Amino acid sequence: MLIDGNTIKLLRIPFSFFLLPLFLFAYSQAEMVMHHQALFSFLIIHLLVYPASNGYNSYIDRDEESIGGLEKPPAPTIQLFYLTLFLDAAATLLALLFVNTLFAGCLILYIAASRAYSSRQIRLKKYPVIGFLTVVIFQGAFTYYMSIAGISGKSLVLSQENIYVLLGCSFQIAGAYPLTQVYQHRQDLKDGITTLSYKLGYIGTFVFTALMFALCNVFYYLYFTSRDLGMIFYIIQVFFVPIVVYFGYWFYLVKKDIGQANFRNTMRMNWIAAICMNSCFIVLIIINRNPLSYLAAIETAVPAYAYSQESLTAFYLKSTDDLTHKRKIRIVAGKTGIETRYSVIADFDKEPEEYEFFNKTATLLPEPSLTQRMQLYQQHATRLSKKAIEKMKGFEDLKKDITHLITVTCTGLSAPGLDIELMRELDLNPRIQRSSVNFMGCNAAIIALKNADAICRSEPDAKVLIVCTELCTIHFQKQYSDDYLLSNLIFGDGAASVLVTSEPVGDYLHQVKIDSFNSMILHNGYSDMAWRLSETGFIMNLSSYVPDLIRKNIKPMLQSVGLKSDEYKHWAVHPGGKRIVDDFAAALELDKCFLAPTYNVLKNYGNMSSPTVLFVLKEVLEKAKPENQGNKLFAAAFGPGLSIETMQMQYV
């Protein structure tokens, strides 16, 4: 038998629009969104469960006067009762098949509460306080909880901030519900129902509503400020303005004439509130579901062998009898600002006869071949990378969620490469998306972060693991040119891992949002920083002109993209060398105290090429203070070409 039009009308499907805000709010706040489950949850709640609840209430009450959404309700038939049973059963079955069991369980509880509220046997609605609390809890906090279960596939953790939002949702319904009863006093009394609105009276209902919405606002304020999202609270207030204005106007009318507490004014209030609140939460969805990228964690690792700069200088001195070379080595070593460097090579503080990698002669001749150096790289690079990655808190639980892997290196190459080796060693998902940034030098970490940022902004659930590993010391060369003196005396070995996510997670005092990147190539420095292969290893050119090039160009570069150095309170600058750092500070007129982390990393590790700026950034982030919230951070690194890469971040 076909369902007649009056039966469909009594389901009051358009009324679901008035109940939509909390679902949209939950969608905007869910930590993760399972999109197909969210769609089914929306359809099940708003097209099946709410209409079934409305229909059942109409069938039991047999209203003759206006009810929510219907000014002149038709008489219900038994067909309506059976249709509500069918809708409830369909909702539960679809929830089990297409959403999850938690959501289905919540639906069953919601349906049971709805039936207990209306049924003649229990009839909770006839009790002013119990009926009110049933609606407030189940259409407020419970609906939000149920929506989160459907949208994210997970239960809502009852943390302090989530308790705030649940209370806010319930007080939101507590404010709205008595107003929906204010015109029904006569009909409710005729049916033996004493509502809270009747108990409060017309004026009392409006005063009570204002109080409930004030409490709703208090808990929303606590929720958003506890998440460092105070601005979102103020955005919500803008959308609440039309609601408050009409509420005040309607209250004024009712104070003059209680006849204004009628169906039509109530529906106007409902429509204004629903349009404003639904619009508000859609805006929150756009804000919160628009993927950003965040630095969730940085960890570092160095090899087992730590050498003082004096030991490494002595090793270099022993390799030549030329007094001019010795004098230059001592002068350059004394100006590096380095005290310690690390290496995978065990030879640097031993006597020649004890060497394991270099030829067992003071002259180091013949030097190790490129093949030997690459063998050493393959022996240690994966191990050191793994060490940095596994220092991440909870990595064993985290690794199953990693969607992308980016490896960075310029001191060794092989195939299968470092990325595949790490996937095997760490037992990562074999379907993980991987890429490599190879042979791009000291600023490659920022280039990798730029790629991770693009991934996270395009994929809402992305978690990108970056690992930068360099074994610079395996390319120690028996050369004494001005360029190579500096290379041999500043480079060390190290690795750094970074987790970049599209959601703000991690244990830093403040979440670190990635804002933007900028690049500049200085073609007049093409040969001043270079990295090339030779038969005896990779040869590094690091001209003394590099600091001058950076000093002359960094400020114009920032000005060209509208960045002002005084806007940034925290700096993570790659310590390419002491003069580079000094000249960077001078060019931007920065107090050197801003670059203390850079000088510390240079002193304690030397220049490790690509991971070095991450060592600096790690130190910066770990020194964050509560008052730093909202501060901007700036990172910069310099590479072959001569290229400058910068990254801008913010504590949020």
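First, a word on what this report is: a plain description of the structure on this page. Worth saying up front: this structure is predicted, and the values here are computed from it rather than measured. (Residues numbered from 1 in each chain as written. Predicted model: local features only at pLDDT ≥ 70, side-chain atom pairs only at ≥ 80, totals over all residues. Heavy atoms only, no water.)

### Let's talk about the overall build of the chain
Here comes step 1: When helices and strands are tallied, the chain shows 22 helices and 13 strands.
Here comes step 2: Computed over C-alpha atoms, the radius of gyration of the chain comes to 34 Å, more than 25% over the 26 Å expected from 2.2 N^0.38 for 652 residues, which places it beyond the range of a compact globule.
Here comes step 3: Overall, the chain is about 110 × 50 × 35 Å in size when its C-alpha atoms are taken along their principal axes.
Here comes step 4: Of all 652 residues assigned to the chain, the portion counted as buried reaches 57%.
Here comes step 5: Residue pairs at least 24 apart in sequence account for 78% of intrachain contacts in the chain once pairs closer than 6 positions are excluded.
Here comes step 6: Per element, the accessible surface of the chain, about 27800 Å² overall, is 59% carbon and sulfur.
Here comes step 7: Side-chain charges in the chain split into 58 positive and 56 negative, and the spacing between the mean points of these groups amounts to 7 Å. (Helix = DSSP H or I, 4+ residues; strand = E, 2+ residues; numbered from the N terminus. Rg over C-alpha atoms; globule rule 2.2 N^0.38 Å. Buried < 20%, exposed > 50% of the residue type's maximum accessible area, 1.4 Å probe, protein only. Contact = heavy atoms within 4.5 Å. Areas by Shrake-Rupley, 256 points an atom, 1.4 Å probe, with all protein chains shown as cover. Lys, Arg positive; Asp, Glu negative; His and termini not counted. Charge placed at Lys NZ, Arg CZ, Asp CG, Glu CD.)

### As for a negative patch on the surface
Here comes step 1: On the surface, a cluster of negative charge is contributed by Asp-349, Glu-351, Glu-353 and Glu-354.
Here comes step 2: Inspection of the secondary structure assignment puts Glu-353 in the loop between strand S3 (340-343) and helix H14 (370-390). (Patch = residues over 30% accessible without salt bridge, like charges linked within 9 Å, V, L, I, M, F, W, Y side chains within 5 Å. Salt bridge = Lys/Arg side-chain N within 4 Å of Asp/Glu carboxyl O.)

### Remarks on unusual backbone geometry
Here comes step 1: Cis geometry marks the peptide bond from Leu-365 to Pro-366, where omega comes out at -10 degrees.
Here comes step 2: In the segment running from Ala-415 into Pro-416, the intervening peptide bond is cis, with an omega of -5 degrees.
Here comes step 3: On the secondary structure map, Pro-416 appears in the loop between strand S4 (404-409) and helix H16 (418-426).
Here comes step 4: Backbone geometry places Asp-427, a non-glycine residue, at a positive phi of 55 degrees.
Here comes step 5: You can see Asp-427 is positioned in the loop between H16 and strand S5 (433-438).
Here comes step 6: Accessibility expressed as a relative area gives 59% for Asp-427, which makes it exposed.
Here comes step 7: The phi dihedral of Phe-439 is positive, around 60 degrees, even though this residue is not glycine.
Here comes step 8: Tracing the sequence through the fold places Phe-439 in the loop between S5 and helix H17 (444-458).
Here comes step 9: The exposure class of Phe-439 is partly exposed, given its relative accessible area of 27%.

### Side note on the side chain of Thr-612
Here comes step 1: Checked against the element boundaries, Thr-612 lands in helix H22 (residues 612-622).
Here comes step 2: In terms of polar contacts, Thr-612 uses its side chain to reach the backbone amide nitrogen of Met-608, at 2.8 Å.
Here comes step 3: Excluding residues within four positions of it along the chain, Thr-612 makes contact with His-574, Pro-575, Val-601, Gly-606 and Asn-607. (Polar contact = N/O pair within 3.5 Å; in protein donor to acceptor, adjacent residues only side chain to side chain.)

### Focus: the packing of helix H19 (residues 546-560) against helix H20 (residues 578-587)
Here comes step 1: As a packed pair, H19 and H20 sit with axes 8 Å apart at the nearest point and diverge in direction by 25 degrees. Considering their axes alone, H19 and H20 lie roughly parallel with respect to each other. Judged by the sense of rotation from one axis to the other, the crossing of H19 with H20 is right-handed. Contact residues: H19 offers Val-546, Pro-547, Asp-548, Ile-550, Arg-551, Ile-554 and Lys-555, while H20 offers Arg-579, Ile-580, Asp-583, Phe-584 and Ala-587.
Here comes step 2: Looking at the contact of H19 with H20 residue by residue, the class counts come to seven nonpolar, no polar and five charged. (Axes fitted to C-alpha atoms, helices over the stretch in contact; angles between N-to-C directions. Parallel < 35°, antiparallel > 145°, perpendicular 65-115°, else oblique. Left-handed = near helix turned anticlockwise from the far one by under 90°. Nonpolar A, V, L, I, M, F, W, Y, C, P; charged D, E, K, R; others polar.)

### Observations regarding the pairing of strand S13 (residues 643-651)
Here comes step 1: Judged by how many residues are buried, S13 sits mostly within the fold: eight of nine residues are covered.
Here comes step 2: With eight bridges connecting them, strand S12 (residues 632-639) and S13 associate as antiparallel partners. Each residue of the ladder has a partner; that of Ala-635, found in S13, is Met-647.
Here comes step 3: Between S12 and S13, which pair antiparallel in sequence order, lie three residues; one of them, Gly-641, sits at a positive phi of approximately 135 degrees. (Pairing = 2+ DSSP bridges.)

### Quick notes on the nonpolar core
Here comes step 1: Core analysis: the biggest nonpolar cluster contains 92 residues, and Phe-25, Ile-44, Leu-107, Tyr-144, Tyr-220 and Phe-224 have the highest contact counts within it.
Here comes step 2: Of all the elements, helix H11 (residues 263-289) adds the most residues to this core, at 11 residues.
Here comes step 3: With residues up to four places along the chain from it excluded, the contact list for Ile-44 reads Val-49, Ala-91, Leu-94, Ala-95, Val-99, Phe-103 and Leu-107. (Core = buried A, V, L, I, M, F, W, Y, C linked by side-chain atoms within 4.5 Å.)

### Focus: a nonpolar patch on the surface
Here comes step 1: On the surface, a cluster of nonpolar side chains totalling about 480 Å² of accessible area is made up of Ile-3, Ile-8, Ile-13, Leu-39, Leu-43 and Leu-47.
Here comes step 2: Residue contributions to the nonpolar patch peak at three residues, all from helix H3 (residues 35-61).
Here comes step 3: Summarising the element assignment, Leu-43 is placed in helix H3.
Here comes step 4: The class for Leu-43 is partly exposed, based on a relative accessible area of 33%.

### Topic: the environment of Gly-140
Here comes step 1: Within the element layout of this structure, Gly-140 appears in helix H6 (residues 128-152).
Here comes step 2: The exposure class of Gly-140 is buried, given its relative accessible area of 0%.
Here comes step 3: Once the C-alpha coordinates of Gly-140 and Leu-167 are considered, the two residues, 27 residues apart in sequence, prove to be 8.1 Å apart.
Here comes step 4: Those residues in contact with Gly-140 that sit more than four places away from it in its chain are Leu-22, Val-135, Cys-169, Ser-170 and Ile-173.

### Things to note about the sheet that holds S12
Paired through their backbone hydrogen bonds, the strands of a sheet run either parallel or antiparallel.
Here comes step 1: Read across the sheet, nine strands follow the order S5-S4-S6-S7-S1-S8-S13-S12-S11 without closing on themselves; strand pairing throughout is mixed. Each of the sheet's edge strands pairs with one partner strand only, and the pair in question is S5 and strand S11 (568-573). Strand-to-strand twist across the sheet, computed as the mean angle between neighbouring axes with direction ignored, equals 25 degrees.
Here comes step 2: For S4 and strand S6 (residues 463-471), the ladder comprises five bridges, and the chain directions are parallel. Residue pairing in the sheet places Leu-405 in a bridge with Leu-465 of S6.
Here comes step 3: Running at roughly 140 degrees to S6, H14 makes contact with strand S1 (294-301), S4, S6 and strand S7 (493-501) of the sheet.

### Description of the state of the cysteines
Here comes step 1: In the structure shown here, the tally under the stated rule is zero disulfides.
Here comes step 2: A disulfide-free cysteine, Cys-410 has its sulfur positioned 6.2 Å from the sulfur of Cys-472, the nearest such atom.
Here comes step 3: Looking at Cys-410, the relative accessible area reads 2%, which means it is buried. (Disulfide = S-S within 2.5 Å.)

### Some thoughts on the packing of aromatic side chains
Aromatic rings considered in pairs are described by the distance between their centres and by the relative angle of their planes.
Here comes step 1: Scanning all chains against the criterion turns up 47 aromatic pairs.
Here comes step 2: Their ring planes at 75 degrees and their centres at 5.3 Å tell us that Phe-233 and Tyr-234 sit as a pair that is edge-to-face.
Here comes step 3: Phe-233 sits in the buried class, given a relative accessible area of 9%.
Here comes step 4: Here a set of aromatic residues connected by ring pairs shows up, and it is made of Tyr-307, Phe-315, Tyr-316, Phe-348, Tyr-355, Phe-357, Phe-358, Phe-476 and Tyr-480.
Here comes step 5: Sitting over the ring of Tyr-56, Arg-115 keeps its end group 4.7 Å from the ring centre. (Phe/Tyr/Trp six-rings, centres within 6.5 Å; stacked < 30°, edge-to-face > 60°. Lys NZ or Arg CZ within 6 Å of the ring centre and 35° of its normal.)

### Comments concerning the environment of Cys-468
Here comes step 1: Here Cys-468 lies in strand S6.
Here comes step 2: Remark: the alpha-carbon pair of Cys-468 and Val-238, spanning 230 residues in sequence, is separated by 46 Å.
Here comes step 3: Non-local contacts of Cys-468, meaning those with residues more than four positions away in its chain, are made with Val-408, Ala-445, Gly-494, Ala-495, Ala-496, Ser-610, Pro-611 and Leu-614.

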